[in-house]
Amino acid sequence: LFCTDEELSGERWFPSLSEQGSVLARGIADGPDLERDRIRNGLLGAISAAEESILIVSPYFLPDDELLSGLCIASMKDVEVDVITPRVNNPRMVQWASMTGQEQLAEHGCNLYWSDPPFDHSKLMTVDDTWTFFGSANWDARSLKLNFEFNVEAYDRTLTRSINEQIDVQKGHSKRMEVSDFRNRSLPVKIRDNAFRLFSPYL
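What comes next concerns the included structure. Everything numeric here is computed off the predicted structure, so don't read it as measured data.

Rules of the game
Residues numbered from 1 in each chain as written. Predicted model: local features only at pLDDT ≥ 70, side-chain atom pairs only at ≥ 80, totals over all residues. Heavy atoms only, no water. Axes fitted to C-alpha atoms, helices over the stretch in contact; angles between N-to-C directions. Helix = DSSP H or I, 4+ residues; strand = E, 2+ residues; numbered from the N terminus. Parallel < 35°, antiparallel > 145°, perpendicular 65-115°, else oblique. Left-handed = near helix turned anticlockwise from the far one by under 90°. Contact = heavy atoms within 4.5 Å. Nonpolar A, V, L, I, M, F, W, Y, C, P; charged D, E, K, R; others polar. Salt bridge = Lys/Arg side-chain N within 4 Å of Asp/Glu carboxyl O. Buried < 20%, exposed > 50% of the residue type's maximum accessible area, 1.4 Å probe, protein only. Patch = residues over 30% accessible without salt bridge, like charges linked within 9 Å, V, L, I, M, F, W, Y side chains within 5 Å. Areas by Shrake-Rupley, 256 points an atom, 1.4 Å probe, with all protein chains shown as cover. Expected span 1.5 Å × (residues − 1). Arc of directions from axis to C-beta.

### Some points on the packing of helix H2 (residues 65–76) against helix H3 (residues 92–107)
1) Next: Contact geometry of H2 with H3 gives a least axis separation of 9 Å together with a crossing angle of 20°. Viewed along their axes, H2 and H3 adopt a mutual orientation that is roughly parallel. In the crossing of H2 with H3, the sense of the turn from one axis to the other is right-handed. Of the residues in H3, those in contact with Leu68, Leu71 and Cys72 of H2 are Gly101, Gln104 and Leu105.
2) Next: Looking at the contact of H2 with H3 residue by residue, the classes come out as 4 nonpolar, 2 polar and no charged.

See the structure below:
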């Protein structure tokens, strides 16, 4: 509809579906044709509501300042915040741009993990063994502002605990990054990473 003015409607495109399973779930569509940042606001709402844990798996982790602040504040409230990203990213510019934000999170007590290859393209988030968020959106400006994305939020303890168990296994095969790992970068590397952070909305 956005690109061609062709509206897809009717039984052919939206057939009647019977209820399946037991998980309470909702699909969230987002894109530049919508006024509200639905997925981004969903992330912010979940972060602010967390009481025990926030677990994130993301291939491209470039949250804006408001999302970063939300995660830092959650950690300061004794919420366990774990973020898993690839050790080797493609493109590398994304990895460089993400370093400043990851350092900020580490300084506020969040747990940063770098997973070994093969490249993991999963986009997962769980909160408090209760809420799961998954779909196409990354934690970056391109996904949250420019792209057409579709995520699903699910309210189910069994599902969330199952995904948390998988994330725990992945953490066991990842390197936990310390604050010193970020602070000990050479000055030229820090300048490069900070420069690419400025261009993060375009990466």
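### Side note on the pattern of salt bridges
1) Next: Under the counting rule described, the total for this entry stands at 13 salt bridges.
2) Next: With a shortest N-O distance of 3.3 Å, Lys171 and Asp168 are connected by a salt bridge. Of this pair, Lys171 and Asp168 both sit in helix H5 (residues 157–172), separated by 3 residues, roughly a single helical turn.
3) Next: Among the residues examined, Lys171 registers a relative accessible area of 13% and is labelled buried.

### Considerations on the environment of Pro117
1) Next: Its place among the elements puts Pro117 in the loop between strand S4 (111–115) and strand S5 (124–127).
2) Next: Sequence separation of Pro117 and Thr160 is 43 residues, and the distance between their C-alpha atoms is 25 Å.

### Comments concerning a nonpolar patch on the surface
1) Next: The grouping of Leu8, Trp13 and Phe14 at the surface amounts to a nonpolar patch, some 340 Å² of accessible area in total.
2) Next: Looking at the secondary structure, you find Trp13 in the segment before strand S1 (24–30).
3) Next: Given a relative accessible area of 44%, Trp13 falls into the partly exposed group.

### Brief notes about H5
1) Next: With 16 residues, H5 should reach 22 Å at 1.5 Å per residue; the first-to-last C-alpha distance of 22 Å fits that figure.
2) Next: Turning to H5, its buried residues number three or more, namely Thr160, Ile163, Asn164, Ile167, Gln170 and Lys171. Considered in projection along H5, the buried side chains sweep an arc of 115° and stay on one side of the axis. The exposed residues of H5 that point more than 90 degrees off its buried face are Thr158, Glu165, Gln166, Val169 and Gly172.

Honestly, that's just the spatial picture; any functional story needs more than this.
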